[in-house]
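Tertiary structure, described
Listed below are the residues making up each chain.
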Amino acid sequence: MTIILTPYWSNGVQKLKMAPQPPSKPKHGLAPPVLDDDVHVRRCLAQLRSKTSPLEKYIYLSALKHENPDMFYKLCLDNMAEFTPIIYTPTVGEACQKWSHIYRRPEGIYISIKDKGKIGSVLKNWPKLDEARIAVVTDGSRILGLGDLGVNGMGISVGKLSLYVAGAGIRPVSTVPICLDFGTNTQKYLDDPLYMGLRQRRIGDEPMTAFMDEFMHEMSVAFPKLLIQFEDFSTDHAFMWLERFRNQYPLFNDDIQGTGAVVLSGFINAAKLSSAASGKPLTSHKILFFGAGSAGVGVAMQLMSFFTLQGLSEKEARERIWLVDSQGLIFDARGPMAEHKQYFSRRDYTGPPIKDLLDIIEYVKPTALLGLSTISGAFHSGVIQAMAALNARPIIFPLSNPVKLSECTFQDAVQHTDGQVLFASGSPFPEMDWNSRTIHPGQGNNMYIFPGLGLGAILARASAVTDTMVEASSLGLAESLTDDERSFDLLYPRIERIREIGAFIAKEVIRAAQKAGVDRSTDLRRMSDAELLAFVHSKMWNPMV
Ligand SMILES: NC(=O)C1=CN([C@@H]2O[C@H](COP(=O)(O)OP(=O)(O)OC[C@H]3O[C@@H](n4cnc5c(N)ncnc54)[C@H](O)[C@@H]3O)[C@@H](O)[C@H]2O)C=CC1
Ligand SMILES: CC(=O)C(=O)O
Ligand SMILES: [Mg+2]
């Protein structure tokens, strides 16, 4: 395949070595007589809002980001709630599915299995090696809940990195979207004349491992100050690459660790509200996971600390958690299972397999039901009503993305619990009125975590991303709600405050890195908390409009 090197800020005719520049002032007569910045902001927003389909809006914003990054990020920061569903989930999912059709210009680095043996020389073509700080790397094998999209998965790396800039003030020039092309098993793409990836089925684990070893080594040589975020690898490889490389290079897996952190945070706030309504202690919560892939198991692992922080032992914490996969409740006597499911497999259940979710709810009697299954509508009215019958304030988090794969809608959850649900979904739902009050859905999406976690790890120059840093990001997020946000029973802060939250999380992550001794910017140790927070803010890039 063609290796595409031109970064997203270049228009293809500029020289590769060029840094992103704000557009220079045109010479007299080459621009309209009146081109006021403030009016132009309104003009760009009006152009966006005139588009009727979300995908058209995505394409417009993608062009704007390329032509005028300052304007794009200015609009983004001023209109976060409006922009995130376009540049991120759900629309980014549709953009990825159609990536080879809507493609206009190169963005990021595509490296294929055919580059094995010369990966270093490909990476060195990236124009701003010294500036690179964060790469989001996918192989397109499980994009959101949409399956194997091959190189069309590049869109998720691009989307996540836009949120790094918007949410954490990472400089645009420091972001490196990467898509690895190991082939695709999706026949539709193999048959599509416009598909831009290798026309072959995915390679096996052995050549993939050899490729990944070379890739990770060459990344550390080409980009010595880089943090890597692994994104949307299929579950087996998500766990495999995390374990293989996490002690060697600074990296984390967003779907396992970022999702774990964001859900722990929302769960802490939900559990307090739920326990206040039931009068039962926090340690009495029982969590049922519907879906046991990288996200389900990643979240279950992180939620262990909800219980251990309350004083339960590891064994007691594990006993508060049940997992369900496509074969039903996961229990030892069921027979052999994938390694990542074994830790939570129940030893105390020896009856016949239970497959139906309603039967499982009746058996477990959970206080919380979390969906990471990609099964749209799995939390049907009967399921929601069963949760409401068991709990004064049931916790229901349908976390699958994009919206069309959500296990239930916010409307259904509110309606079938008479407004009592404590709700967070992976993709956004609008707020709704119920019994003369407005109820706000939470968005339990790792976008609240990875910008701050990444910024903290970058500023600390962390040599590794430890579990304690991930936990610190989660607890930082849980703490960051204002009294006003808590008065509305919000589980997450308002998205408009993403920068403030990102800075606070980054500070907490730096402190955790220092405690773990993985920080290489040791001068930050001397700063007070207030000084460190001010330092983090001072490092955030701002659009110049
Ligand atoms: N909210 C967030 O921030 C995030 C959400 N996700 C979402 O989580 C979902 C799952 O992602 P992965 O874990 O990587 O995928 P996966 O495909 O590895 O896992 C899906 C799990 O659901 C189970 N499942 C499938 N059909 C089922 C059925 N009929 N009944 C019961 N269980 C069933 C599978 O057995 C598997 O355990 C995706 O939609 C993804 O978008 C992932 C990461 C972050
Ligand atoms: C949000 C995200 O990372 C996912 O759905 O995969
Ligand atoms: Mg993901």
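Residues numbered from 1 in each chain as written. Chains lettered and ligands numbered in written order. Predicted model: local features only at pLDDT ≥ 70, side-chain atom pairs only at ≥ 80, totals over all residues. Heavy atoms only, no water.

Concerning the environment of Q47
To keep it simple, the criterion reads: Strands here are runs of E lasting at least two residues and helices are runs of H or I lasting at least four, both read from the DSSP assignment and numbered beginning at the N terminus. Buried residues are those whose accessible area, probed at 1.4 Å on protein chains only, stays under 20% of the maximum for their type, while exposed residues exceed 50% and partly exposed ones sit between those limits. Here a polar contact means two N or O atoms within 3.5 Å. Within protein one must be a hydrogen donor candidate and the other an acceptor candidate, and residues neighboring in sequence count only if both atoms are side-chain atoms.
On the secondary structure map, Q47 appears in helix α1 (residues 37–50). Judged by relative accessible area, Q47 falls into the partly exposed class, the value being 36%. Spatially, the C-alpha atoms of Q47 and Y60 are 8.4 Å apart, while their sequence positions differ by 13 residues. Engagement of the side chain of Q47 in a polar contact is seen with the side chain of Y60, the distance being 3.1 Å.

What to know about the site of ligand 2
Operational definition: Residues are counted as near a molecule or strand when any one of their heavy atoms sits within 4 Å of it. In short, Shrake-Rupley with a 1.4 Å probe defines the accessible areas, and a residue's cover is counted only from the protein chains shown. Polar here means any residue outside two lists: the nonpolar Ala, Val, Leu, Ile, Met, Phe, Trp, Tyr, Cys and Pro, and the charged Asp, Glu, Lys and Arg; Gly therefore counts as polar.
All residues adjacent to ligand 2 are Y88, R142, L144, K160, E231, D232, D254, D255, N401, N445 and N446. Contacts to ligand 2 include D255, whose side-chain N or O atom sits 2.9 Å from an oxygen atom. Taken by itself ligand 2 offers 210 Å² of open surface, and the protein chains cover 91% of this. Residue composition of the shell around ligand 2, grouped by class: two nonpolar, three polar and six charged.

Overview of the packing of helix α8 (residues 154–168) against helix α19 (residues 450–459)
As a reminder of what qualifies: Throughout, an axis means a line fitted to C-alpha atoms (over the contacting stretch in the case of helices), and angles, computed between N-to-C directions, take values from 0 to 180 degrees. Angle categories are assigned with fixed cut-offs, so that under 35 degrees is roughly parallel, over 145 is roughly antiparallel, 65 to 115 is roughly perpendicular, and the rest are oblique. Working rule for contacts: check all heavy atoms of both residues, and any pair within 4.5 Å makes them a contact.
Where α8 meets α19, the axes come as close as 9 Å, and the angle between the chain directions of the two elements is 75 degrees. Regarding the angle of α8 to α19, the classification is roughly perpendicular. Between α8 and α19, the residues in contact are K160, L163, Y164, G167 and A168 and F450, P451, G452, G454 and L455, respectively. When the residues that make up the contact of α8 with α19 are grouped by side-chain class, the tally is six nonpolar, three polar and one charged.

Considering the site of ligand 1
As a structural note, the neighbourhood of ligand 1 is formed by 25 residues, with R142, T235, A292, S294 and G444 the closest of them. The side chain of R142 places a nitrogen or oxygen atom 2.8 Å from an oxygen atom of ligand 1. Between D325 and ligand 1, the recorded distance is 3.4 Å, taken from a backbone N or O atom to a nitrogen atom. For ligand 1, whose unbound accessible area comes to 860 Å², protein coverage reaches 84%. Every element with two or more residues in the shell around ligand 1 is listed here: α12 (254–278) and α13 (294–308). Tallied by class, the residues present in the shell around ligand 1 amount to seven nonpolar, 15 polar and three charged.

What to know about the pairing of strand β7 (residues 321–325)
For clarity, the cut-off: A pair of strands is considered paired only if DSSP assigns at least 2 bridges between the two.
For β7, the tally of buried residues reaches five of five residues, placing the bulk of the element in the interior. Taking every second residue as pointing to the same face, both faces of β7 are buried, with I321, L323 and D325 on one and W322 and V324 on the other. Taken together, the four bridges between strand β6 (residues 287–290) and β7 define a ladder with parallel strand orientation. Opposite F289, over in β7, you have L323 as the bridge partner. Relative to strand β8 (residues 328–329), β7 runs antiparallel, the two sharing two bridges. Its bridge partner being in β8, D325 is matched across the sheet by G328. Taken together, β7 and the strand that follows it, β8, pair antiparallel across an intervening segment of two residues.

Re the sheet that holds strand β5 (residues 251–253)
Across a sheet, paired strands are connected by hydrogen bonds in the backbone, their directions being either parallel or antiparallel. Taking strand neighbours across the sheet as the criterion, the five strands line up as β1-β3-β2-β4-β5 in an open arrangement whose pairing is parallel. Across the chains shown, the open sheet's two edge strands, defined by having one partner strand only, are β1 (109–112) and β5. If you compare each strand with its neighbour and ignore which way they point, the axes differ by 20 degrees on average. Here three bridges tie strand β4 (residues 227–230) to β5, and the two strands are oriented parallel to one another. In the sheet register, Q229 faces β5, and the bridge partner there is F252. Packing of helix α10 (residues 205–222) onto the sheet brings it into contact with β1, β2 (134–138), β3 (175–181), β4 and β5, and relative to β3 it is tilted by some 165 degrees. This element, helix α11 (residues 235–245), spans β4 and β5 of the sheet and lies at about 160 degrees to β5.

Observations concerning the coordination of the magnesium ion (ligand 3)
Inclusion rule: Note: metal donors comprise N, O and S atoms at 2.8 Å or less from the metal (3.2 Å for Na, K and Ca); water molecules are not included, so apparent gaps in a site are possible.
Within the first shell, the magnesium ion (ligand 3) binds the protein through E231 (OE), D232 (OD) and D255 (OD), at distances of 2.0 Å. Donor residues binding the magnesium ion (ligand 3) come from one chain and are separated in sequence as E-D-x22-D. One end of the pair, D232, is in the loop between β4 and α11; the other, D255, is in helix α12, and 23 residues separate them in sequence. Take D232 and D255: they sit in the same class, and that class is buried.

So, the UniProt feature "binding site: a divalent metal cation" (unreviewed entry) in the protein chain
The line we're drawing: UniProt positions are given in the numbering used here, feature names are shortened, and annotations may be inferred rather than shown by experiment.
When the UniProt feature table is mapped onto this chain numbering, "binding site: a divalent metal cation" (unreviewed entry) sits at E231, D232 and D255. The annotated residues occupy 25 residues of the chain but converge on a single region, no pair of C-alpha atoms lying more than 6.7 Å apart. With sequence-adjacent residues up to four places away left out, D232 is seen in contact with T138, D139, G140, S141, R142, I143, L144, I156 and D255. Polar contacts involving the side chain of D232 include one to the side chain of R142, which spans 3.1 Å. In this structure D255 comes out as buried when scored by relative accessible area, which is 6%. Those residues in contact with D255 that lie beyond four places of it in its chain are R142, F230, E231, D232, S294, A295 and N446. In this structure the side chain of D255 is engaged in a polar contact, spanning 2.7 Å, whose partner is the backbone nitrogen of D232.

Some words on unusual backbone geometry
In this structure, P90 follows T89 across a cis peptide bond, with omega equal to 10 degrees. Secondary-structure assignment places P90 in the loop between α4 (80–87) and α5 (91–97). Between N401 and P402 the backbone carries a cis peptide bond, its omega angle lying at -10 degrees. In the Ramachandran plot, L144 falls in the positive-phi region, its phi being about 45 degrees despite a non-glycine side chain. With respect to the helices and strands, the residue L144 is situated in the loop between β2 and α8. When its relative accessible area of 9% is taken as the criterion, L144 is described as buried. Even without being a glycine, R461 presents a positive backbone phi close to 50 degrees. Position of R461 relative to the elements: it lies in the loop between α19 and α20 (467–479).

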